[in-house]
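Observations on chain architecture
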Amino acid sequence: MRRVTYLVMDEADRMFDMGFEPQIMRIVNNVRPDRQTVLFSATFPRSVEALARKVRGVGARRALPASVL
């Protein structure tokens, strides 16, 4: 998994909400630290946003919602 350069998760908020944080963090910790991380979700409650920040990593930027694009 150290060769992975893109980490993409669809419905990321649901995965965190359903309690998959330990499994997600295990994957994240085994992927290259210089990866590009993309989290997709139709909704993203603030309660889940802090968990998503841990996955995104340092220096990451928040994307615009699809409705804005």
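Before reading further, recall that the structure is shown in the block above.
For clarity, every value in this text was computed on a predicted model and none was experimentally measured. (Residues numbered from 1 in each chain as written. Predicted model: local features only at pLDDT ≥ 70, side-chain atom pairs only at ≥ 80, totals over all residues. Heavy atoms only, no water.)

On to the pattern of salt bridges, then. All told, the structure shown has two salt bridges when counted by the stated rule. A salt bridge links Asp17 to Arg14; the nearest nitrogen and oxygen atoms lie 3.0 Å apart. Highlighted residues: Asp17 and Arg14, both in helix α1 (residues 12-17), separated by three residues, approximately one helical turn. Its relative accessible area of 51% is what places Asp17 among the exposed residues. For the salt bridge of Arg32 with Asp34, the shortest nitrogen-to-oxygen distance reads 2.7 Å. The exposure class assigned to Arg32 is partly exposed, which follows from its relative accessible area of 29%. (Salt bridge = Lys/Arg side-chain N within 4 Å of Asp/Glu carboxyl O. Helix = DSSP H or I, 4+ residues; strand = E, 2+ residues; numbered from the N terminus. Buried < 20%, exposed > 50% of the residue type's maximum accessible area, 1.4 Å probe, protein only.)

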